[in-house]
Amino acid sequence: MEGESCRLPAGKGDSEAEVIRRLLAANRIAVVGLSDDPSRPSFRIASYLLSAGKQVIPVNPTHTSVLGLTCYPSLEAVPGPIELVDVFRRPEHCAEVVRSVIAVKARGVWLQSGIVNDEARALAAQAGIDFVQDRCIMVEHMRSAED
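This one's a predicted model, so the numbers in the text were calculated from it and none came from an experiment.

## Notes on the overall build of the chain
And then number 1: In terms of regular secondary structure, the chain is built from 5 helices and 7 strands.
And then number 2: Its C-alpha radius of gyration of 14 Å places the chain within 12% of the 15 Å reference for a compact globule of 147 residues.
And then number 3: In the chain, which comprises 147 residues, the proportion classed as buried is 48%.
And then number 4: As presented, the chain carries roughly 7,300 Å² of accessible surface, and 51% of it is formed by carbon and sulfur atoms.
And then number 5: Counting 16 positive and 19 negative side-chain charges, the chain places the averaged centre of each group 4 Å from the other.

## Details of helix α3 (residues 94-104)
And then number 1: Those residues of α3 not exposed but buried are C94, A95, V97, V98, S100 and V101.
And then number 2: At its buried positions, α3 is contacted by β1 (28-32), β5 (84-87), β6 (108-111), α4 (118-127) and β7 (130-132).

## Concerning the nonpolar core
And then number 1: In terms of nonpolar packing, the biggest core is built from 23 residues, with L75, V85, V101 and V109 touching the most fellow members.
And then number 2: Sorting the residues of this core by element identifies β1, β2 (55-59), β5, α3, β6 and α4 as the ones contributing at least two each.
And then number 3: No other element matches α3, which puts 5 residues into this core.
And then number 4: Apart from residues lying up to four places away in sequence, V85 is in contact with A30, V32, L75, V97, V101, A106, G108, V109 and W110.
And then number 5: Core analysis: the second largest hydrophobic core is formed by 22 residues, I20, A26, I29 and F88 among them.

## Brief notes about the state of the cysteines
And then number 1: Tallied over the entire structure, the rule returns 0 disulfides.
And then number 2: Cysteine C71 shares no disulfide, and the gap to the nearest cysteine sulfur, in C94, comes to 17 Å.
And then number 3: C71 gets classed as buried once you look at its relative accessible area, which sits at 7%.
And then number 4: You can see C94 has no disulfide; the closest cysteine sulfur is in C136, sitting 15 Å from it.

## Concerning the pattern of salt bridges
And then number 1: Scanning the entire structure with this criterion turns up 8 salt bridges.
And then number 2: Residues joined by salt bridges that share partners form a network here, namely E16, R135, E140 and R143.

## Things to note about α4
Residue pairs spaced three or four apart in an α-helix point in one direction, given the helix's 3.6 residues per turn.
And then number 1: Along α4, the positions that sit buried rather than exposed are A120, L123 and A124. Relative to the axis of α4, the buried residues are bounded by an arc of 95° and lie together on one face.
And then number 2: On the buried face of α4, the contacting elements are α3 and β7.
And then number 3: The distance from a side-chain oxygen at the start of α4 to the backbone nitrogen of E119 is 3.0 Å, and the residue carrying that oxygen is N117.
And then number 4: Note on α4: the residue one or two positions beyond its end, G128, has a positive phi of about 75°.

## Some points on the side chain of N117
And then number 1: Within the element layout of this structure, N117 appears in the loop between β6 and α4.
And then number 2: Here the side chain of N117 touches E119 through a polar contact of 3.0 Å, landing on its backbone nitrogen.
And then number 3: Only 2.6 Å separates the side chain of N117 from the backbone nitrogen of A120, close enough to count as a polar contact.
And then number 4: Apart from the residues within four sequence positions on either side, N117 is in contact with P91, E92, C94, A95, L111, F131 and Q133.

## Things to note about the packing of α3 against α4
And then number 1: In contact at an axis separation of 8 Å, α3 and α4 are set at 15° when each is read in the N-to-C sense. Here α4 runs roughly parallel to α3, going by the angle between their axes. In the crossing of α3 with α4, the sense of the turn from one axis to the other is right-handed. Within the contact between the two elements, α3 uses C94, A95, V98, R99 and I102 and α4 uses E119, A120, L123, A124 and A127.
And then number 2: When grouped by side-chain class, the residues that make up the contact of α3 with α4 number 8 nonpolar, no polar and 2 charged.

Thresholds applied
Residues numbered from 1 in each chain as written. Predicted model: local features only at pLDDT ≥ 70, side-chain atom pairs only at ≥ 80, totals over all residues. Heavy atoms only, no water. Helix = DSSP H or I, 4+ residues; strand = E, 2+ residues; numbered from the N terminus. Rg over C-alpha atoms; globule rule 2.2 N^0.38 Å. Buried < 20%, exposed > 50% of the residue type's maximum accessible area, 1.4 Å probe, protein only. Areas by Shrake-Rupley, 256 points an atom, 1.4 Å probe, with all protein chains shown as cover. Lys, Arg positive; Asp, Glu negative; His and termini not counted. Charge placed at Lys NZ, Arg CZ, Asp CG, Glu CD. Contact = heavy atoms within 4.5 Å. Core = buried A, V, L, I, M, F, W, Y, C linked by side-chain atoms within 4.5 Å. Disulfide = S-S within 2.5 Å. Salt bridge = Lys/Arg side-chain N within 4 Å of Asp/Glu carboxyl O. Arc of directions from axis to C-beta. Polar contact = N/O pair within 3.5 Å; in protein donor to acceptor, adjacent residues only side chain to side chain. Axes fitted to C-alpha atoms, helices over the stretch in contact; angles between N-to-C directions. Parallel < 35°, antiparallel > 145°, perpendicular 65-115°, else oblique. Left-handed = near helix turned anticlockwise from the far one by under 90°. Nonpolar A, V, L, I, M, F, W, Y, C, P; charged D, E, K, R; others polar.

Listed below in structure tokens is the structure:
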């Protein structure tokens, strides 16, 4: 349902498609929960984002390197600005991730397919941060390339 999976900025009336388009334009993307296992969706999607020319920043406290890139233990440990945070964590951890997103002043949050958290959505909306949940960034990026 339009408006359910993304934040609609107050007064702007942005459609879900507009929010997705804005988030897909991000170049510096932190991937929270990125695994070093090539069979995991997070690894495949981060690899795709790299091949699409995006700067991927792995965030996972259990790794020091993923995809040949320095892996940070938290969003707060990432040097420099973050445009978008792509989240591969269980729903019960997503509100905590959004609190970190707010702390580092990232512009958007993307919860991957199958991940839904109303508290995370409310926190993002309250902070004025673009938010998408239960969608695959790779699928949406590929779809936008066809348009």
